[in-house]
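What follows is the residue order along each chain.
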Amino acid sequence: MCSLALCAFHLNQSPTETENRANLPRNMIENSMFEEEPDVVDLAKDSTFPALDPDEVAFEPRSSRLLVRGLGQHDMDEDEEDCESSARLLGMSFMNRSAAHRSSSSPYTRQAPPRSCSRPSGRTMIVCVLFLVIVASLTMVMYFLPGCNFTKRGCQRTNKTTPSEQVYPVSTNGELFPWAQLRLPRSIHPLSYDLTLDPDLDNMTFTGRTVISMSVLHNTKLIVLHSSHLNITKATFKVGLEGYKPRQQIAVKFSEELKTGQYCVLTLDYSANLSHTYDGFYNSSYTDTDGNKRVLAATQFEPLAARKAFPCFDEPSFKATFLIRISRKPTYLTLSNMPQAKSTPLLNGLIQDEFEKTIVNMSTYLVAFIVANFTPISSHVSETQVSVYSVPDKKEQTDYALDTACKLLEFYNDFFEITYPLKKLDLVAIPDFLAGAMENWGLITFRETSLLVGKQSSNLEKQVVASVVAHELAHQWFGNLVTMRWWNDLWLNEGFATYMQYMSLQTVLPQLDIGNLFLAVRFRALDDDALNSSHAVSMDVNKPEQVEEMFDSVSYEKGASILLMLNASLPGDQQFRKGIIQYLKQFSGLNTDTNDLWNSLTQVFSAQHPNVSEMMSSWTSQKGFPLVTVSRKGGQVTLTQEHFLLTSDNATQTSSLWNIPVTYVTDNCSLAPECRQMFNLKTKSGTLNELPESVKWLKLNYRNTGFYIVDYGDEGWAALISALSNNVSVLTQEDRASLIHNIFALSRLGRVSFHQVLNLLKYMSNETQTSPVTEALLQLNVLYQLLDQRQEHSLVARMKSYIKHQFASLMDKQTWKEEEEESVSKQELRSALLKMACSLNEEKCIKQARAQFKQYVESNGTLRIPGDLQQVVFTVAAQSNEDWETLLSMYGQATYDAEKRKMLRGLASTQDPRRIVWILKAGLRGGLIQTQELPLVIYTVCHGFAGYLFVWDFIQENWDSLIEKFPVGSFAIQTIIKSATSQFSTQAHLNQVEGFFSSLKERGSQMRSVQEALETIRLNQRWMDKNLPTLQKWL
Ligand SMILES: [Zn+2]
């Protein structure tokens, strides 16, 4: 999956161009309309499925109450038991909507133990003791039996839970739910799903039938699977089916054991509402150019929402095949992962489309289907038909995506030496879509901004689309073909897809200058990972919210960065490729964990890199990254490593050590790749080969391909600064940008004085390259905003004139015209410089921007603003009352999504309090401003002085609505919290933020992003206390 912020991050448009990530709002859908009397079906009579050998379905289970009775539940009389065993209860168990059950669906609620032993009578004592003994034995059984996953390496316990979690929760029908863990038992493995779906787009509901064919891996009396917000009306098993809502699990219990090696089939009929948020099987709508409202239904399942569309074993390691049928009105079309096999008219005037059975085993989160009236354009890459679908009005915006997808598919087919296995690959732009895109196998779904490119789009917009397409296509191998076993290793999907997206575009579309972008995202990944509240790349994940929280910059950008570092540490550029081909081939169709990757690579690299596993584990198993300090005495250079940890607690020390492939260049040879020398730093300190005394300086982390920060010490920094002020070109632009990034980080850490930062920036008057300039602007802007929001008027004024002075000549050189054949890099530079100039109220910039807007409005949209300048023009325009209104009406009519979002960011940058309040409310309400844009609105509003306090109030007042739309832990919520708090720097604000979030309890107080927010405020506070005097002195 991709959020634009993470897989198509665009520095110039904003550090978080679209920070929205697919979300799984836990909307509570009531199912009362579906209550009906279901009957019990013998599965062997089910014509949709091959009849099974009667011996194989030998169990004829009456209800088994053994577990429940043994645990001290009341005994049931025969009638009650029959009633319990009838499938009628199956539906009822999902219809129980008592207040108690609803509150227990909160993700953070822990169920209390089912029995209390206080005030015991003698009889109760005996029952209690018996109960405890049985719980203990059951716990052991659960732990040793189903928790055991037999692979070729023997028994692996994949369900790690602490004993405190082995408490059997109360299910929807009031009994103990027979499974106590978040992850499903391993005793049953699904082999194939047969899904029939009948969506009703008029009433926004659907019914479905799921037939799951399963294999029994270990003797068991229990099938546990996932289901969420589905009203199950009929099941084939004549047994009790119970639900446990907080974990979205249902269970089928048997009185007799299913035996290892048996095959069995479970059929479940159900009905539900189409989700009104952005996950599960959800409804979406748009208005066409004739003003008609059009509706459609689409899916978004990653990570935990396939269970909202059909009952299933909703974990990535339960791979199976899928055969899908969907009915539709004749005016719609349907799409799914596989090509359509046949269409059958139904008696009710509808048509049922059946898709080919998947030829690959697939995780449930990759299943997808769409019912809409989209139109396609298509092309072929070897045996695969590639199509891009959009709403009919936007068909002419799909050419670029098709062309790019074809080029990239060809590249990946060749690069991985494994041909994309399906006969078709659809890329579909969906009008309502929260994430950037989702890599469903054969049916990739996108936000319109990440797929559609207008005829007059700038190269920067093409860069966004190409990045997202490259990311999602890479997932067809990394993620779809080889899938992480569990969400703790999400980086195996996302880190790889992110790395491949940059790597492939550098080769396939070099004109997009994607290298600058990749460098910038690595800097941001370092910034995020420097916090004490960061986490290891691969970490334990035991709650749904923790699954959501894995979709962050550590899984994506740090994952990609350490793969780049590994690649850069190998000789030649084919080694890494050989290694990942080996990994993909070895685990094709299977699930893996991080060790599988390193072991696979070790087999290939054994000659050159025998310790790849040891080296890389140090980067994936511990949080953070190292600070390498250089100290030099004559020719002897010593390197020391320590954890680069930004923390407000000076006493915090960690003993973490990394295995660092340090690279360095010196003034003797510093530009070409051949200049680069390597040193492996595994211990606390190490000494480089003796350098000639004549060497004036050395620069570590050549082109910033390593994931670490370097401190050169006073003399080292002085030597580099003097070299750069004599000649900018003694280092590559990546190295210059990395010096700028590192020195700001070190200043934040308190290692170098801000005076030293300003010394380095002196060379900037000669800098003309994009990466160093944009990095310096970004860092200075962070400080500028902090000062502005602290209302340090005199310092703000001095900072303004400092920035203007430093970048004056570069700013002056920028034109406002579309240049022929202008490189993306030049556009990025221009956009960043003019954005800064206008935000500092630089007169010439404001005048130009206003003039451009006026021309644009007067020409009725025929004269266009260059794509890379639209943002700055709309932002300046939005500061005037009249133009804000004009912009708003243009926003309502705009059809090109990328341009529309820039208008929205302009609107949200207003400093008028009434408008700020209006736009926040409009985003929350949805409609004119889609709710999917709310995180972007909040992000933008926070960057204006007037807005950031309003946003904080807004978030506190509307928290419950926010977490209904974007679930706790999701990337959208992470963005909202970060935006609203990252500029606070006072004790009063710290207290407020701390107070608010701790009052939330199960509604979000435990989120990592809250810890990050508090830590950031403390760091800001500390930095201000320490550096305000320096700034007074030096600015
Ligand atoms: Zn992804």
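Everything numeric in this text was worked out from a predicted model, so none of it was measured.

So what exactly am I meant to see when it comes to the overall build of the protein chain here?
Scanning the protein chain for helices and strands turns up 32 helices and 30 strands. Look at the contacts in the protein chain between residues 6 or more apart in sequence, and 74% of them connect residues 24 or more apart. Summing over all exposed atoms, the protein chain offers an accessible surface of approximately 37400 Å²; the carbon and sulfur share of this is 51%.

Is there a simple way to explain the sheet that holds strand β27 (residues 677-681) in this structure?
For sheets, the rule is that strands pair by backbone hydrogen bonds, running either parallel or antiparallel. The strand order across the open sheet formed by three strands is β27-β26-β29, and the pairing between neighbours is antiparallel. Edge positions in the sheet fall to β27 and β29 (698-700), since each of these pairs with one other strand and no more. Averaged over all adjacent pairs, the angle separating strand axes in this sheet is 30°, with direction ignored. Pairing of strand β26 (residues 660-666) with β27, which is carried by five bridges, proceeds in the antiparallel orientation. The residue bridging P661 from the neighbouring strand is N680, located in β27.

For this particular structure, what's the right way to read the coordination of the zinc ion?
Each donor-metal-donor angle in an ideal tetrahedron of four donors is 109.5 degrees, and each such angle in an ideal octahedron of six donors is either 90 or 180 degrees. For the zinc ion, the protein coordination sphere consists of M1 (N), M1 (O), H471 (NE2), H475 (NE2) and E494 (OE), at 2.0 to 2.7 Å. In terms of primary sequence, the donors binding the zinc ion are separated according to M-x469-H-x3-H-x18-E. On the criterion of sequence distance, the pair formed by M1 in the segment before α1 (4-7) and H471 in helix α8 (residues 459-475) is long-range, its members being 470 residues apart. Across this residue pair, the class does not change: M1 and H471 are buried.

Help me out: how do you make sense of the sheet that holds strand β20 (residues 437-438) in this one?
Sheet architecture is open: five strands sit in the order β17-β18-β19-β21-β20, paired in mixed fashion. Edge positions in the open sheet fall to β17 (375-381) and β20, since each of these has one partner strand only. When β17 meets strand β18 (residues 384-390), the two strands line up antiparallel, connected through seven bridges. When the bridges of β18 are listed, I377 appears paired with V388. Each of β17, β18 and β19 (424-430) is contacted by helix α7 (residues 399-416), which is oriented at about 30° to β17, the strand it contacts most.

Conventions we followed
- Residues numbered from 1 in each chain as written.
- Predicted model: local features only at pLDDT ≥ 70, side-chain atom pairs only at ≥ 80, totals over all residues.
- Heavy atoms only, no water.
- Helix = DSSP H or I, 4+ residues; strand = E, 2+ residues; numbered from the N terminus.
- Contact = heavy atoms within 4.5 Å.
- Areas by Shrake-Rupley, 256 points an atom, 1.4 Å probe, with all protein chains shown as cover.
- Pairing = 2+ DSSP bridges.
- Axes fitted to C-alpha atoms, helices over the stretch in contact; angles between N-to-C directions.
- Donors = N, O, S within 2.8 Å, 3.2 Å for Na, K, Ca; no water.
- Buried < 20%, exposed > 50% of the residue type's maximum accessible area, 1.4 Å probe, protein only.

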